[in-house]
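A closer look at the structure
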Amino acid sequence: MRCRFAPSPTGYLHVGSARTALFNWLFARHHGATFVLRIEDTDASRNQPELVTNILDSLRWLGLDWDEGPYYQSERAARHNEVVEGLLADSLAYVDEGAVRLRVDDEGTIGWDDVIRGRVSFERANVEDFVIRRSDGSPLFLLTNVVDDWDMGITHVIRGEDMINNMPKQLLLLEALGVDREVHYAHLPLLVDEQRRKLSKRFGDVAIESYRDRGFVAPAMTNYLATLGWGTADGVEIRPLAEIVERFELSGVNKSSAFFDVKKLTHFNHEYIRAMAPEEFSALAGPFAEPFDLAALPAGYLADIQGRTQTFPELAPMIDWLYLDEPPIDTDSWAKGVAGNPAAVAILDGTLHAYADCAWGKDELHHRLAAVGEANGLKLGKAQAPVRVAVTGRSVGPPLFDGLEVLGRERTLARLRAARARL
RNA sequence: GCCCCCAUCGUCCAGCGGCCUAGGACGCCGCCCUUUCAAGGCGGCAACACGGGUUCGAAUCCCGUUGGGGGUGCCA
(Lines give C-alpha, C1' and ligand atoms only; values in the text may rest on other atoms or scores of the structure.)
Protein backbone atom coordinates (compact mmCIF):
# COMPACT_ATOMS: atom_id res chain seq x y z
CA MET A 1 0.00 0.00 0.00
CA ARG A 2 1.19 3.48 -0.81
CA CYS A 3 -0.18 6.88 0.16
CA ARG A 4 1.15 10.37 -0.33
CA PHE A 5 1.10 13.93 0.86
CA ALA A 6 1.25 16.38 -2.03
CA PRO A 7 1.49 19.99 -0.92
CA SER A 8 2.00 22.85 -3.30
CA PRO A 9 4.61 25.42 -2.33
CA THR A 10 2.31 28.41 -2.50
CA GLY A 11 2.44 29.14 1.23
CA TYR A 12 3.71 27.86 4.53
CA LEU A 13 2.57 24.47 5.75
CA HIS A 14 -0.65 25.30 7.48
CA VAL A 15 -2.57 23.49 10.14
CA GLY A 16 -5.09 21.95 7.77
CA SER A 17 -2.41 20.56 5.48
CA ALA A 18 -0.48 19.30 8.47
CA ARG A 19 -3.54 17.37 9.61
CA THR A 20 -3.82 15.82 6.13
CA ALA A 21 -0.14 14.92 6.23
CA LEU A 22 -0.57 13.46 9.71
CA PHE A 23 -3.48 11.24 8.72
CA ASN A 24 -1.58 9.97 5.69
CA TRP A 25 1.40 9.29 7.92
CA LEU A 26 -0.74 7.54 10.55
CA PHE A 27 -2.29 5.40 7.85
CA ALA A 28 1.12 4.50 6.46
CA ARG A 29 2.66 3.68 9.82
CA HIS A 30 -0.35 1.73 10.99
CA HIS A 31 -0.43 -0.46 7.92
CA GLY A 32 3.25 -0.50 7.13
CA ALA A 33 2.49 1.34 3.90
CA THR A 34 4.88 3.61 2.03
CA PHE A 35 4.44 7.32 2.60
CA VAL A 36 5.42 9.39 -0.43
CA LEU A 37 6.06 13.13 -0.40
CA ARG A 38 5.47 15.01 -3.61
CA ILE A 39 5.75 18.73 -4.18
CA GLU A 40 3.14 19.97 -6.63
CA ASP A 41 4.83 22.94 -8.17
CA THR A 42 3.28 23.13 -11.60
CA ASP A 43 2.04 26.67 -11.30
CA ALA A 44 5.22 28.60 -11.98
CA SER A 45 3.54 31.93 -11.33
CA ARG A 46 2.59 31.08 -7.78
CA ASN A 47 5.38 28.85 -6.60
CA GLN A 48 7.98 30.02 -4.17
CA PRO A 49 10.78 27.46 -4.03
CA GLU A 50 11.98 28.70 -0.64
CA LEU A 51 8.65 27.67 0.82
CA VAL A 52 9.47 24.05 0.05
CA THR A 53 12.14 24.24 2.72
CA ASN A 54 9.63 25.58 5.17
CA ILE A 55 7.16 22.80 4.41
CA LEU A 56 9.81 20.12 4.85
CA ASP A 57 11.01 21.70 8.09
CA SER A 58 7.51 21.80 9.50
CA LEU A 59 6.89 18.17 8.59
CA ARG A 60 10.15 17.17 10.24
CA TRP A 61 9.35 19.20 13.33
CA LEU A 62 6.05 17.38 13.65
CA GLY A 63 7.92 14.11 13.29
CA LEU A 64 6.18 13.11 10.06
CA ASP A 65 8.92 11.36 8.15
CA TRP A 66 8.38 10.20 4.59
CA ASP A 67 9.67 7.08 2.88
CA GLU A 68 10.05 8.42 -0.66
CA GLY A 69 10.62 11.81 -2.15
CA PRO A 70 10.24 14.64 -2.12
CA TYR A 71 9.44 14.30 -5.79
CA TYR A 72 8.94 17.50 -7.71
CA GLN A 73 6.05 17.58 -10.09
CA SER A 74 7.70 20.25 -12.21
CA GLU A 75 10.38 17.72 -13.15
CA ARG A 76 7.81 15.44 -14.68
CA ALA A 77 6.57 17.85 -17.34
CA ALA A 78 7.70 15.59 -20.18
CA ARG A 79 5.63 12.73 -18.84
CA HIS A 80 2.60 14.95 -18.38
CA ASN A 81 2.89 16.19 -21.91
CA GLU A 82 3.23 12.72 -23.24
CA VAL A 83 -0.06 11.86 -21.57
CA VAL A 84 -1.77 14.92 -23.02
CA GLU A 85 -0.47 14.06 -26.49
CA GLY A 86 -1.78 10.53 -26.11
CA LEU A 87 -5.21 11.79 -25.18
CA LEU A 88 -5.12 14.15 -28.14
CA ALA A 89 -4.05 11.36 -30.48
CA ASP A 90 -6.96 9.21 -29.32
CA SER A 91 -9.17 12.29 -29.68
CA LEU A 92 -10.29 11.91 -26.08
CA ALA A 93 -9.12 15.50 -25.73
CA TYR A 94 -9.13 18.44 -28.09
CA VAL A 95 -7.52 21.82 -28.53
CA ASP A 96 -9.57 24.86 -27.59
CA GLU A 97 -8.01 28.29 -28.05
CA GLY A 98 -4.58 26.84 -27.48
CA ALA A 99 -5.50 24.94 -24.34
CA VAL A 100 -6.30 21.24 -24.26
CA ARG A 101 -9.62 20.07 -22.90
CA LEU A 102 -10.77 16.57 -22.02
CA ARG A 103 -13.94 15.47 -23.74
CA VAL A 104 -16.69 14.54 -21.25
CA ASP A 105 -19.76 12.53 -22.25
CA ASP A 106 -23.17 13.60 -20.97
CA GLU A 107 -24.53 10.13 -20.34
CA GLY A 108 -24.56 8.40 -16.98
CA THR A 109 -22.90 9.02 -13.68
CA ILE A 110 -19.38 8.77 -12.33
CA GLY A 111 -18.67 7.92 -8.72
CA TRP A 112 -16.64 6.01 -6.17
CA ASP A 113 -16.89 4.43 -2.76
CA ASP A 114 -15.17 6.83 -0.43
CA VAL A 115 -13.48 5.13 2.51
CA ILE A 116 -14.87 7.78 4.83
CA ARG A 117 -18.09 8.85 3.15
CA GLY A 118 -19.36 5.85 1.30
CA ARG A 119 -20.79 6.14 -2.19
CA VAL A 120 -20.49 9.52 -3.85
CA SER A 121 -21.47 10.17 -7.43
CA PHE A 122 -21.89 12.93 -9.95
CA GLU A 123 -23.86 13.24 -13.17
CA ARG A 124 -21.51 13.41 -16.11
CA ALA A 125 -23.80 16.02 -17.58
CA ASN A 126 -22.73 18.34 -14.77
CA VAL A 127 -19.08 18.04 -15.69
CA GLU A 128 -17.87 20.33 -18.43
CA ASP A 129 -15.04 19.58 -20.82
CA PHE A 130 -12.19 20.79 -18.68
CA VAL A 131 -8.72 22.11 -19.36
CA ILE A 132 -5.83 19.73 -18.71
CA ARG A 133 -3.08 21.80 -20.36
CA ARG A 134 -2.76 25.56 -20.51
CA SER A 135 -2.30 27.36 -23.76
CA ASP A 136 1.29 28.03 -22.70
CA GLY A 137 1.84 24.29 -22.77
CA SER A 138 1.99 23.64 -19.02
CA PRO A 139 -0.17 20.88 -17.57
CA LEU A 140 -2.78 21.53 -14.88
CA PHE A 141 -3.18 20.10 -11.40
CA LEU A 142 -6.15 17.92 -12.34
CA LEU A 143 -3.97 16.05 -14.80
CA THR A 144 -0.60 16.05 -13.07
CA ASN A 145 -2.06 14.92 -9.78
CA VAL A 146 -3.78 11.95 -11.36
CA VAL A 147 -0.86 10.98 -13.57
CA ASP A 148 1.65 11.19 -10.75
CA ASP A 149 -0.50 9.23 -8.34
CA TRP A 150 -0.82 6.65 -11.04
CA ASP A 151 2.84 6.52 -11.96
CA MET A 152 3.90 6.46 -8.34
CA GLY A 153 1.66 3.51 -7.63
CA ILE A 154 -0.46 5.32 -5.04
CA THR A 155 -3.13 2.97 -3.71
CA HIS A 156 -4.71 5.26 -1.10
CA VAL A 157 -5.46 8.90 -1.76
CA ILE A 158 -6.12 10.60 1.57
CA ARG A 159 -6.86 14.32 1.28
CA GLY A 160 -9.18 17.11 2.28
CA GLU A 161 -12.90 17.15 1.67
CA ASP A 162 -12.57 20.15 -0.61
CA MET A 163 -11.08 17.75 -3.15
CA ILE A 164 -14.34 15.83 -3.49
CA ASN A 165 -15.39 18.29 -6.12
CA ASN A 166 -12.41 17.35 -8.27
CA MET A 167 -13.14 13.66 -8.08
CA PRO A 168 -15.41 13.38 -11.12
CA LYS A 169 -12.83 15.08 -13.29
CA GLN A 170 -9.99 12.98 -11.99
CA LEU A 171 -12.01 9.82 -12.33
CA LEU A 172 -12.91 10.79 -15.89
CA LEU A 173 -9.24 11.33 -16.62
CA LEU A 174 -8.37 7.93 -15.20
CA GLU A 175 -11.10 6.46 -17.36
CA ALA A 176 -9.72 8.19 -20.44
CA LEU A 177 -6.26 6.89 -19.62
CA GLY A 178 -7.68 3.41 -19.42
CA VAL A 179 -6.23 2.64 -16.02
CA ASP A 180 -7.61 -0.26 -14.08
CA ARG A 181 -5.78 -0.47 -10.76
CA GLU A 182 -8.01 -0.11 -7.74
CA VAL A 183 -7.40 3.15 -5.89
CA HIS A 184 -9.01 3.90 -2.54
CA TYR A 185 -10.09 7.44 -1.83
CA ALA A 186 -10.58 8.92 1.62
CA HIS A 187 -11.75 12.51 1.91
CA LEU A 188 -11.01 13.97 5.32
CA PRO A 189 -13.36 16.42 7.02
CA LEU A 190 -12.22 20.03 6.89
CA LEU A 191 -10.65 21.93 9.74
CA VAL A 192 -12.66 25.09 10.31
CA ASP A 193 -12.54 28.37 12.21
CA GLU A 194 -15.10 29.67 14.72
CA GLN A 195 -17.27 30.76 11.80
CA ARG A 196 -17.16 27.19 10.55
CA ARG A 197 -15.33 28.24 7.43
CA LYS A 198 -12.38 26.38 6.01
CA LEU A 199 -9.34 27.29 8.07
CA SER A 200 -7.43 30.10 6.40
CA LYS A 201 -5.30 33.15 7.09
CA ARG A 202 -8.42 34.92 8.31
CA PHE A 203 -8.19 32.72 11.38
CA GLY A 204 -4.89 34.27 12.35
CA ASP A 205 -1.95 31.97 12.74
CA VAL A 206 -2.37 28.95 10.55
CA ALA A 207 1.27 28.24 9.80
CA ILE A 208 2.61 25.28 11.72
CA GLU A 209 5.87 27.08 12.35
CA SER A 210 4.09 29.91 14.09
CA TYR A 211 2.81 27.45 16.67
CA ARG A 212 6.34 26.24 17.23
CA ASP A 213 7.42 29.85 17.64
CA ARG A 214 4.61 30.50 20.07
CA GLY A 215 5.88 27.80 22.36
CA PHE A 216 3.84 24.78 21.42
CA VAL A 217 5.62 21.44 21.35
CA ALA A 218 5.35 19.06 18.42
CA PRO A 219 3.92 16.02 20.24
CA ALA A 220 1.11 18.13 21.63
CA MET A 221 0.36 19.45 18.18
CA THR A 222 0.31 16.05 16.46
CA ASN A 223 -1.70 14.54 19.29
CA TYR A 224 -4.24 17.34 19.19
CA LEU A 225 -4.48 17.24 15.41
CA ALA A 226 -5.14 13.51 15.60
CA THR A 227 -8.24 14.13 17.71
CA LEU A 228 -9.79 16.33 15.05
CA GLY A 229 -12.00 14.03 13.03
CA TRP A 230 -10.94 10.91 14.83
CA GLY A 231 -11.29 9.41 18.28
CA THR A 232 -11.18 6.16 20.20
CA ALA A 233 -13.98 4.42 22.03
CA ASP A 234 -12.12 4.52 25.35
CA GLY A 235 -12.32 8.30 25.33
CA VAL A 236 -8.62 8.80 25.94
CA GLU A 237 -7.40 11.81 24.00
CA ILE A 238 -3.88 12.41 25.19
CA ARG A 239 -1.69 9.48 24.34
CA PRO A 240 1.69 8.78 22.72
CA LEU A 241 1.90 8.90 18.95
CA ALA A 242 2.87 5.24 18.90
CA GLU A 243 -0.46 4.36 20.49
CA ILE A 244 -2.30 6.52 18.02
CA VAL A 245 -0.55 4.74 15.17
CA GLU A 246 -1.59 1.46 16.69
CA ARG A 247 -5.26 2.42 16.84
CA PHE A 248 -5.66 4.60 13.78
CA GLU A 249 -8.10 3.44 11.11
CA LEU A 250 -9.31 5.46 8.16
CA SER A 251 -12.73 3.91 8.52
CA GLY A 252 -12.97 5.47 11.95
CA VAL A 253 -12.57 8.99 10.65
CA ASN A 254 -15.55 11.34 10.96
CA LYS A 255 -17.42 12.98 8.15
CA SER A 256 -18.12 16.36 9.69
CA SER A 257 -15.77 19.30 9.91
CA ALA A 258 -13.92 20.13 13.12
CA PHE A 259 -13.11 23.42 14.79
CA PHE A 260 -9.42 23.97 15.44
CA ASP A 261 -9.53 25.06 19.07
CA VAL A 262 -6.36 26.72 20.30
CA LYS A 263 -7.64 26.54 23.89
CA LYS A 264 -7.76 22.79 23.75
CA LEU A 265 -4.42 22.66 21.96
CA THR A 266 -3.04 24.73 24.84
CA HIS A 267 -4.35 22.21 27.32
CA PHE A 268 -2.64 19.40 25.43
CA ASN A 269 0.53 21.45 25.37
CA HIS A 270 0.39 21.99 29.12
CA GLU A 271 0.01 18.27 29.68
CA TYR A 272 2.94 17.46 27.43
CA ILE A 273 5.17 20.05 29.07
CA ARG A 274 4.27 18.81 32.55
CA ALA A 275 5.14 15.25 31.56
CA MET A 276 8.58 16.12 30.21
CA ALA A 277 11.80 15.04 31.86
CA PRO A 278 13.48 18.07 33.50
CA GLU A 279 16.36 17.95 31.02
CA GLU A 280 14.00 18.00 28.08
CA PHE A 281 12.08 20.88 29.56
CA SER A 282 15.25 22.89 30.08
CA ALA A 283 16.47 22.20 26.58
CA LEU A 284 13.21 23.21 24.89
CA ALA A 285 12.20 26.01 27.23
CA GLY A 286 15.59 27.61 27.73
CA PRO A 287 15.61 29.55 24.46
CA PHE A 288 12.16 30.96 25.13
CA ALA A 289 13.18 32.26 28.56
CA GLU A 290 16.16 34.19 27.26
CA PRO A 291 17.80 36.44 28.20
CA PHE A 292 16.87 35.06 31.58
CA ASP A 293 18.77 31.96 32.54
CA LEU A 294 16.44 29.10 33.28
CA ALA A 295 19.24 26.63 33.89
CA ALA A 296 20.62 28.63 36.80
CA LEU A 297 17.53 28.00 38.92
CA PRO A 298 17.36 25.30 41.62
CA ALA A 299 15.86 22.02 40.41
CA GLY A 300 12.86 22.10 42.72
CA TYR A 301 11.97 25.63 41.76
CA LEU A 302 12.38 24.82 38.08
CA ALA A 303 10.15 21.79 38.46
CA ASP A 304 7.39 24.00 39.80
CA ILE A 305 7.84 26.44 36.97
CA GLN A 306 7.68 23.59 34.47
CA GLY A 307 4.44 22.38 35.98
CA ARG A 308 2.69 25.67 35.48
CA THR A 309 3.90 26.33 31.94
CA GLN A 310 1.22 26.00 29.30
CA THR A 311 3.24 27.53 26.49
CA PHE A 312 6.88 28.63 26.67
CA PRO A 313 6.38 32.39 26.27
CA GLU A 314 4.86 32.36 29.76
CA LEU A 315 8.29 31.65 31.19
CA ALA A 316 9.99 35.00 31.00
CA PRO A 317 7.39 36.82 33.12
CA MET A 318 7.74 34.12 35.77
CA ILE A 319 11.45 34.63 36.27
CA ASP A 320 12.48 37.99 34.83
CA TRP A 321 12.33 39.68 38.27
CA LEU A 322 15.14 37.45 39.44
CA TYR A 323 17.46 38.88 36.83
CA LEU A 324 16.36 42.48 36.41
CA ASP A 325 17.74 45.29 38.54
CA GLU A 326 14.27 46.50 39.38
CA PRO A 327 11.19 44.28 39.58
CA PRO A 328 8.82 45.00 36.66
CA ILE A 329 5.93 46.45 38.65
CA ASP A 330 2.52 45.51 37.32
CA THR A 331 0.24 48.46 38.07
CA ASP A 332 -2.86 46.40 38.83
CA SER A 333 -0.91 44.13 41.16
CA TRP A 334 0.60 47.14 42.92
CA ALA A 335 -2.74 48.84 43.32
CA LYS A 336 -4.43 45.79 44.71
CA GLY A 337 -1.66 44.19 46.74
CA VAL A 338 0.21 47.19 48.08
CA ALA A 339 -1.17 50.67 47.49
CA GLY A 340 -4.77 49.70 48.18
CA ASN A 341 -3.91 47.22 50.90
CA PRO A 342 -4.31 48.66 54.43
CA ALA A 343 -2.03 45.98 55.88
CA ALA A 344 0.79 46.63 53.43
CA VAL A 345 2.76 49.01 55.62
CA ALA A 346 2.73 46.71 58.61
CA ILE A 347 3.60 43.65 56.55
CA LEU A 348 6.40 45.38 54.70
CA ASP A 349 7.89 46.84 57.90
CA GLY A 350 7.50 43.55 59.72
CA THR A 351 9.11 41.56 56.92
CA LEU A 352 11.96 44.02 56.61
CA HIS A 353 12.67 43.47 60.24
CA ALA A 354 12.14 39.71 60.19
CA TYR A 355 14.36 39.18 57.16
CA ALA A 356 17.15 41.49 58.32
CA ASP A 357 19.33 38.87 59.87
CA CYS A 358 17.64 35.47 59.64
CA ALA A 359 19.09 32.41 57.98
CA TRP A 360 18.46 32.86 54.22
CA GLY A 361 16.60 29.70 53.26
CA LYS A 362 13.12 29.24 51.84
CA ASP A 363 11.76 27.44 54.91
CA GLU A 364 13.02 30.09 57.29
CA LEU A 365 11.69 32.84 55.02
CA HIS A 366 8.37 31.06 54.93
CA HIS A 367 8.11 30.82 58.70
CA ARG A 368 9.23 34.37 59.33
CA LEU A 369 6.69 35.86 56.95
CA ALA A 370 3.97 33.62 58.39
CA ALA A 371 4.84 34.99 61.83
CA VAL A 372 4.65 38.56 60.58
CA GLY A 373 1.24 37.79 59.15
CA GLU A 374 0.09 36.23 62.38
CA ALA A 375 1.18 39.27 64.33
CA ASN A 376 -1.09 41.29 62.08
CA GLY A 377 -3.95 38.85 62.19
CA LEU A 378 -3.40 37.65 58.61
CA LYS A 379 -3.03 34.21 57.18
CA LEU A 380 -0.02 33.59 55.00
CA GLY A 381 -2.07 33.82 51.86
CA LYS A 382 -2.91 37.44 52.61
CA ALA A 383 0.37 38.34 54.25
CA GLN A 384 2.55 37.29 51.35
CA ALA A 385 0.71 39.47 48.85
CA PRO A 386 2.45 42.81 49.46
CA VAL A 387 5.82 41.11 49.71
CA ARG A 388 5.25 39.25 46.47
CA VAL A 389 4.31 42.40 44.61
CA ALA A 390 7.13 44.42 46.14
CA VAL A 391 9.75 41.85 45.21
CA THR A 392 8.46 40.21 42.02
CA GLY A 393 6.34 43.06 40.71
CA ARG A 394 3.32 40.83 40.26
CA SER A 395 0.59 39.32 42.38
CA VAL A 396 0.89 35.89 40.82
CA GLY A 397 3.81 33.64 40.07
CA PRO A 398 5.72 30.57 41.21
CA PRO A 399 6.12 29.83 44.94
CA LEU A 400 7.51 32.96 46.57
CA PHE A 401 10.06 31.70 49.06
CA ASP A 402 12.02 29.59 46.60
CA GLY A 403 12.38 32.73 44.55
CA LEU A 404 13.43 34.88 47.48
CA GLU A 405 16.11 32.37 48.34
CA VAL A 406 17.49 32.73 44.83
CA LEU A 407 17.19 36.52 44.82
CA GLY A 408 19.22 36.86 48.01
CA ARG A 409 18.87 38.97 51.14
CA GLU A 410 20.36 42.16 49.85
CA ARG A 411 18.14 42.54 46.80
CA THR A 412 15.05 41.32 48.60
CA LEU A 413 15.50 43.85 51.36
CA ALA A 414 16.24 46.63 48.88
CA ARG A 415 13.00 45.95 47.02
CA LEU A 416 10.98 45.81 50.22
CA ARG A 417 12.46 49.15 51.25
CA ALA A 418 11.76 50.67 47.85
CA ALA A 419 8.13 49.56 48.03
CA ARG A 420 7.82 50.85 51.57
CA ALA A 421 9.23 54.20 50.47
CA ARG A 422 6.57 54.53 47.80
CA LEU A 423 3.77 54.34 50.32
C1' G B 1 -27.85 29.78 -9.60
C1' C B 2 -25.88 24.75 -10.25
C1' C B 3 -23.13 20.46 -8.23
C1' C B 4 -21.33 17.93 -3.88
C1' C B 5 -20.67 17.06 1.36
C1' C B 6 -22.19 17.41 6.45
C1' A B 7 -25.69 17.56 10.94
C1' U B 8 -24.83 14.40 19.27
C1' C B 9 -23.34 19.47 24.99
C1' G B 10 -20.41 26.37 23.26
C1' U B 11 -16.13 23.09 21.17
C1' C B 12 -13.68 18.06 20.08
C1' C B 13 -14.66 12.99 20.49
C1' A B 14 -17.70 8.17 22.11
C1' G B 15 -22.28 5.97 20.50
C1' C B 16 -22.43 2.03 14.71
C1' G B 17 -31.19 -0.70 16.79
C1' G B 18 -32.33 -2.24 22.94
C1' C B 19 -26.48 -1.42 27.77
C1' C B 20 -28.64 6.12 26.63
C1' U B 21 -32.85 8.90 32.50
C1' A B 22 -26.75 9.89 25.94
C1' G B 23 -20.59 8.96 28.14
C1' G B 24 -15.47 11.35 28.13
C1' A B 25 -12.36 15.74 27.11
C1' C B 26 -11.63 21.29 26.51
C1' G B 27 -13.88 25.58 28.23
C1' C B 28 -17.15 27.65 31.97
C1' C B 29 -19.26 27.79 37.22
C1' G B 30 -19.02 26.23 42.46
C1' C B 31 -16.53 23.70 46.67
C1' C B 32 -12.03 21.45 48.83
C1' C B 33 -6.74 21.73 49.13
C1' U B 34 -3.29 25.77 49.27
C1' U B 35 1.95 30.64 49.94
C1' U B 36 -0.60 33.95 45.07
C1' C B 37 -1.70 31.70 40.43
C1' A B 38 -1.73 27.13 38.36
C1' A B 39 -1.89 21.85 39.25
C1' G B 40 -4.84 18.13 41.93
C1' G B 41 -9.67 16.29 44.24
C1' C B 42 -15.09 16.70 44.27
C1' G B 43 -19.52 18.55 42.14
C1' G B 44 -22.45 21.45 38.51
C1' C B 45 -24.34 23.69 33.81
C1' A B 46 -24.81 21.90 28.90
C1' A B 47 -26.53 18.18 23.06
C1' C B 48 -29.10 13.67 19.79
C1' A B 49 -31.67 20.42 14.27
C1' C B 50 -36.98 19.57 12.73
C1' G B 51 -40.88 16.50 10.43
C1' G B 52 -42.33 11.98 8.51
C1' G B 53 -41.54 6.87 8.05
C1' U B 54 -39.27 1.51 9.03
C1' U B 55 -39.20 -1.45 13.68
C1' C B 56 -41.77 -4.58 19.42
C1' G B 57 -37.92 -0.77 20.04
C1' A B 58 -34.18 4.72 16.90
C1' A B 59 -29.20 9.39 18.63
C1' U B 60 -28.30 5.04 15.66
C1' C B 61 -31.79 2.82 9.26
C1' C B 62 -34.80 5.50 5.08
C1' C B 63 -37.16 10.05 3.01
C1' G B 64 -38.04 15.18 3.27
C1' U B 65 -37.29 20.07 5.44
C1' U B 66 -34.12 23.42 7.61
C1' G B 67 -29.31 24.87 8.70
C1' G B 68 -24.04 24.89 7.81
C1' G B 69 -19.95 24.08 4.64
C1' G B 70 -17.15 22.94 0.11
C1' G B 71 -16.70 23.53 -5.17
C1' U B 72 -17.98 26.01 -9.36
C1' G B 73 -10.28 29.09 -12.87
C1' C B 74 -6.06 28.06 -18.81
C1' C B 75 -5.11 27.88 -8.97
C1' A B 76 -3.61 23.74 -6.24
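Structure: above.
Residues numbered from 1 in each chain as written. Chains lettered and ligands numbered in written order. Predicted model: local features only at pLDDT ≥ 70, side-chain atom pairs only at ≥ 80, totals over all residues. Heavy atoms only, no water.

Take the overall build of chain A next. Tallying secondary structure elements over chain A gives 18 helices and 12 strands in all. Over its C-alpha trace chain A gives a radius of gyration of 30 Å, far above what one expects of a compact globule, namely 22 Å for 423 residues. C-alpha extents for chain A along the principal axes are approximately 100 × 45 × 35 Å. The buried share of chain A, taken over its 423 residues, is 48%. Long-range pairs, those at least 24 residues apart, make up 76% of the contacts in chain A with a sequence separation of at least 6. As displayed, chain A offers around 19,500 Å² of accessible surface, 50% of which is attributable to carbon and sulfur atoms. Positive and negative charge centroids in chain A, built from 46 and 62 side chains respectively, lie 5 Å apart. (Helix = DSSP H or I, 4+ residues; strand = E, 2+ residues; numbered from the N terminus. Rg over C-alpha atoms; globule rule 2.2 N^0.38 Å. Buried < 20%, exposed > 50% of the residue type's maximum accessible area, 1.4 Å probe, protein only. Contact = heavy atoms within 4.5 Å. Areas by Shrake-Rupley, 256 points an atom, 1.4 Å probe, with all protein chains shown as cover. Lys, Arg positive; Asp, Glu negative; His and termini not counted. Charge placed at Lys NZ, Arg CZ, Asp CG, Glu CD.)

Counted under the stated rule, the structure contains 31 salt bridges. Between R60 and D57 there is a salt bridge, and its shortest N-O distance comes to 3.3 Å. Placement of both R60 and D57 in helix 2 (residues 49–62) is noted, with a separation of three residues, approximately one turn of the helix. Ionic pairing is found between D349 and R420, a salt bridge with its closest N-O pair at 2.8 Å. A residue pair is termed long-range when its members are at least 10 positions apart, and D349 in helix 14 (residues 344–355) and R420 in helix 18 (residues 409–422) qualify at 71 residues. (Salt bridge = Lys/Arg side-chain N within 4 Å of Asp/Glu carboxyl O.)

A separate point is helix 16 (residues 380–392). Taking 1.5 Å per residue, 13 residues should reach 18 Å; helix 16 reaches 17 Å between its end C-alpha atoms and fits that length. Along helix 16, the sharpest change in direction is near 30 degrees and occurs at P386. Buried within helix 16 are the following residues: A383, Q384, P386, V387, R388, V389, A390, V391 and T392. Contacts made by the buried residues of helix 16 are with helix 12 (315–323), helix 13 (331–339), helix 14, helix 15 (362–375), helix 17 (400–407) and helix 18. The positive-phi residue at the C-terminal boundary of helix 16 is G393, with phi of around 90 degrees. (Expected span 1.5 Å × (residues − 1). Bend = angle between axes of the 7 residues up to and from the residue.)

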